[in-house]
Amino acid sequence: MNEKLEKLNREMEKTEAKLRRAQHQEKILEYQIKKLTRKERTHRLCTRGAMLESYLSHPENVTDEQIDVILKTLFHRNDIRQSIGKILAENGKEETE
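The model shown is predicted, which means the values in this text are computed figures rather than measured ones. (Residues numbered from 1 in each chain as written. Predicted model: local features only at pLDDT ≥ 70, side-chain atom pairs only at ≥ 80, totals over all residues. Heavy atoms only, no water.)

A. How the structure looks around the overall build of the chain. Within the chain, the regular secondary structure consists of three helices and zero strands. Its helices and strands in sequence order give the chain the pattern α-α-α, from N to C terminus. Expected size for 97 residues packed as a compact globule is a radius of gyration near 13 Å; at 27 Å, the chain overshoots this value by more than 25%. Dimensions along the principal axes, computed over C-alpha positions, put the chain at roughly 85 × 35 × 20 Å. When each of the 97 residues of the chain is scored for burial, the buried share is 4%. Just so you have it, the chain exposes about 9600 Å², and 56% of that area is on carbon and sulfur atoms. (Helix = DSSP H or I, 4+ residues; strand = E, 2+ residues; numbered from the N terminus. Rg over C-alpha atoms; globule rule 2.2 N^0.38 Å. Buried < 20%, exposed > 50% of the residue type's maximum accessible area, 1.4 Å probe, protein only. Areas by Shrake-Rupley, 256 points an atom, 1.4 Å probe, with all protein chains shown as cover.)

B. Summary view of a positive patch on the surface. On the surface, a cluster of positive charge is contributed by Lys7, Arg10, Lys14, Lys18, Arg20 and Arg21. Within the fold, Arg10 resides in helix H1 (residues 2-54). Under the relative-accessibility criterion, Arg10 is labelled partly exposed at 47%. (Patch = residues over 30% accessible without salt bridge, like charges linked within 9 Å, V, L, I, M, F, W, Y side chains within 5 Å. Salt bridge = Lys/Arg side-chain N within 4 Å of Asp/Glu carboxyl O. Lys, Arg positive; Asp, Glu negative; His and termini not counted. Charge placed at Lys NZ, Arg CZ, Asp CG, Glu CD.)

C. Inspection of the pattern of salt bridges at higher detail. Summed over all chains, the structure comprises two salt bridges. Between Asp68 and Lys72 there is a salt bridge, and its shortest N-O distance comes to 3.1 Å. Residue Asp68 and its partner Lys72 are both found in helix H2 (residues 64-75); the two are separated by four residues, about one turn of the helix. Take Asp68: its relative accessible area is 37%, and that puts it in the partly exposed class. When the shortest N-O distance is used, the salt bridge between Arg77 and Asp79 registers 2.7 Å. We classify Asp79 as partly exposed; its relative accessible area is 37%.

D. Seen up close, the confidence of the model for the chain. With 96% of its residues at a pLDDT of 70 or more, the chain shows a mean pLDDT of 93. H1 holds the highest mean pLDDT among the elements of the chain, 96, whereas helix H3 (residues 78-96) holds the lowest, 85. (pLDDT = per-residue confidence, 0-100.)

E. Molecular detail of the environment of Glu3. By the element assignment, Glu3 lies in helix H1. Look at Glu3 and you get exposed, because its relative accessible area is 67%. C-alpha of Glu3 to C-alpha of Ala89: the two residues are 86 residues apart in sequence and 68 Å apart in space.

F. Region of the structure containing the environment of Leu56. Take Leu56: it is sitting in the loop between H1 and H2. Setting aside its immediate chain neighbours within four residues, Leu56 contacts Val62 and Ile67. (Contact = heavy atoms within 4.5 Å.)

G. Spatial organisation of a nonpolar patch on the surface. On the surface, a cluster of nonpolar side chains totalling about 250 Å² of accessible area is made up of Ile70, Leu74 and Phe75. Note on placement: Leu74 falls in helix H2. The partly exposed category is assigned to Leu74, whose relative accessible area is 35%.

Structure (structure tokens):
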């Protein structure tokens, strides 16, 4: 009886060690996902910021507040909103296909 109990305890310890390793590996993978997501977002922000700046004649002279006013003005126009709606609707169609 003691031998069975000792054997089961050894198996339980091995299984717990595997579980700890798997949990550690899971944390590592979650960190890598967060890191990649953050890198993708940073790249997207830089790329889109550069696109916006390409439309300004002297972007270094424009303040953040002025950019905010420009974007708010543009995005509140009905024709712009309709165009954006069409573009985003097309994106939705592509994702379902």
